Amino acid sequence: MASRVSRPCIARLRNRALVSVTGSQATEFLNGVLSTAVQPPSAGPFFSALLHAKGRVLYDIMVYPYFPAVGKPGYILEYDSRPAESPLFETLKRFVLRSKVKIRNMTDEYSVWAQWDSSKTEQPQVKEWRPLSLRDMRAPAMGTRLLVRGGDRPPQVIPDKYLHHRILQGVPEGFDDIPHLSALPMESNLDLMGGIDFRKGCYVGQELTVRTYFKGVVRKRIVPIQLDLPKNRHIQSGAKITTIGNTEENPRALRGHGRLLSNIEGNALALLRLDHVVDNTLRFDVELPDGSVCQGIPTLPPWWPNFPSVEQNEAD
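The rules we used
Residues numbered from 1 in each chain as written. Predicted model: local features only at pLDDT ≥ 70, side-chain atom pairs only at ≥ 80, totals over all residues. Heavy atoms only, no water. Buried < 20%, exposed > 50% of the residue type's maximum accessible area, 1.4 Å probe, protein only. Helix = DSSP H or I, 4+ residues; strand = E, 2+ residues; numbered from the N terminus. Pairing = 2+ DSSP bridges. Phe/Tyr/Trp six-rings, centres within 6.5 Å; stacked < 30°, edge-to-face > 60°. Lys NZ or Arg CZ within 6 Å of the ring centre and 35° of its normal. 1 Å grid on protein atoms, 1.4 Å probe; cavity = no way out; pocket = protein on both sides within 12 Å on 5 of 7 lines; lining within 4 Å. Points joined across faces, edges and corners; volume = space filled by probe spheres on them. Nonpolar A, V, L, I, M, F, W, Y, C, P; charged D, E, K, R; others polar. Core = buried A, V, L, I, M, F, W, Y, C linked by side-chain atoms within 4.5 Å. Axes fitted to C-alpha atoms, helices over the stretch in contact; angles between N-to-C directions. Contact = heavy atoms within 4.5 Å.

## A short note on the pairing of strand β10 (residues 220-227)
The buried fraction of β10 amounts to six of the eight residues, a majority that puts the element mostly inside the structure. Relative to strand β13 (residues 267-273), β10 is paired through seven bridges, and the arrangement is antiparallel. The partner of isoleucine 225 across the bridge, within β13, is alanine 268. Note that β10 and strand β15 (residues 293-298) share three bridges and pair antiparallel. Bridge pairing in β15 links leucine 227 to glycine 296.

## Observations regarding the environment of glutamine 295
In this fold, glutamine 295 is placed in strand β15. In this structure glutamine 295 comes out as partly exposed when scored by relative accessible area, which is 42%. Separated by 54 residues in the primary sequence, glutamine 295 and isoleucine 241 have C-alpha atoms spaced 9.1 Å apart.

## What about the packing of aromatic side chains?
Within this structure, the stated rule accounts for five aromatic pairs. Here the aromatic rings of phenylalanine 198 and tyrosine 213 are separated by 3.8 Å at their centres, their planes lie at 10°, and the arrangement is stacked. Residue phenylalanine 198 is found in the loop between α4 (174-177) and α5 (206-215), and its partner tyrosine 213 is found in helix α5; the two are separated by 15 residues along the sequence. Here phenylalanine 198 falls in the buried class, since its relative accessible area comes to 18%. What links up through ring pairs into an aromatic cluster is the set Tyr59, Tyr79 and Phe175. A cation over an aromatic ring shows up here: arginine 138 above the ring of phenylalanine 47, its NZ or CZ 5.7 Å from the ring centre.

## Brief notes about the layout of surface pockets
Taken as a whole, the second largest pocket holds about 420 Å³ of empty space. Those elements that provide at least two residues to the lining of the second largest pocket are α3 (162-169), α4 and β12 (258-264). Within the lining of the second largest pocket, the residues separate by chemical class into seven nonpolar, seven polar and ten charged.

## Focus on the nonpolar core
Leu18, Tyr64, Ile76, Leu147, Tyr162 and Leu190 are the most contacted members of the largest nonpolar core, which totals 33 residues. Those elements giving two or more residues to this core turn out to be β1 (8-12), β3 (46-51), β4 (57-66) and β7 (110-117). Grouped together as the second largest cluster of nonpolar side chains are 24 residues, Leu30, Val101, Ile103 and Phe175 included.

## Notes on the sheet that holds β15
Here six strands make up a closed barrel; going around it, the order is β10-β13-β12-β11-β14-β15 and the pairing antiparallel. Each adjacent strand pair in this sheet contributes to an overall mean axis angle of 40°, direction not counted. Sheet topology places strand β11 (residues 240-244) next to strand β14 (residues 283-287); four bridges connect them, and they run antiparallel. Within β14, the residue paired with threonine 242 across the bridge is aspartate 285.

## As for the sheet that holds β3
Sheet architecture is open: five strands sit in the order β3-β4-β5-β2-β6, paired in antiparallel fashion. Only two strands of the sheet have a single neighbouring strand rather than two, namely β3 and β6 (102-105). The average undirected angle you get between the axes of adjacent strands in this sheet is 30°. Here six bridges tie β3 to β4, and the two strands are oriented antiparallel to one another. Residue pairing in the sheet places alanine 49 in a bridge with aspartate 60 of β4. Here helix α2 (residues 88-96) sits on the sheet in contact with β2 (16-22), β3, β4, β5 (74-80) and β6, set at roughly 170° to β6.

Any functional reading would require information beyond the geometric quantities listed.
Have a look at this one:
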């Protein structure tokens, strides 16, 4: 992979929107909707997701505690702002029923920023969280998420490096990596990033997710992949990846195709079969829009656990 930026960085994330959920029943309301256990706002921020009833991912969500000057405390939810079939604001409204909660769009009041030190491979030990900030626990070196009031601008802004940093950490985010109403939570690594709590009670989309967890068979996951491309070349998300068997006399495409996701400067995320990734003798061909092909080299992030093979899981 390409080398990291060697100084503290901060970048604005322009494709993120914000909605607040406040009221005396805000905790109970979100606990019945999100894929993680929701504690009172005083417990601090966390990463979660909103799933469809059939178990597909609607949104990956950052949740910040929110203490307004007037009214009950609650939460601010950060999510992908791009148009979707099921907009988050309207989706939450449908779940309210008789719950004593208030839902409000706050995108115009705050901007979302990411701050990290890419010279470090691990997070500093943080014992306290600041209001409207979140230590990004999805991977060891992701850094901090910040909500900054409209009109304010932090110093040392490096606008184009967050995507590069996120890919190097192996962290999918938003619709480019976790397609709305299409992606499965465990294939999207939500379980590895702390976005699913398998011990909590009922929530939307729980049945299929828990069944997949207990069966123990996840055939695909999103992994970092290095592309044999010039650094200034960008490929549209969704390009097909073919896996070629390592047989010199008769190389052939193996079962199952992968899909290219976010990419920048030759570094990318891709949805690939796990058994193909762990076999270091295979070749990965990415089909480019002009009909040509470039090769990719996938790597498992160092912070991942060791996975048993798909065949072993199915045998068990």
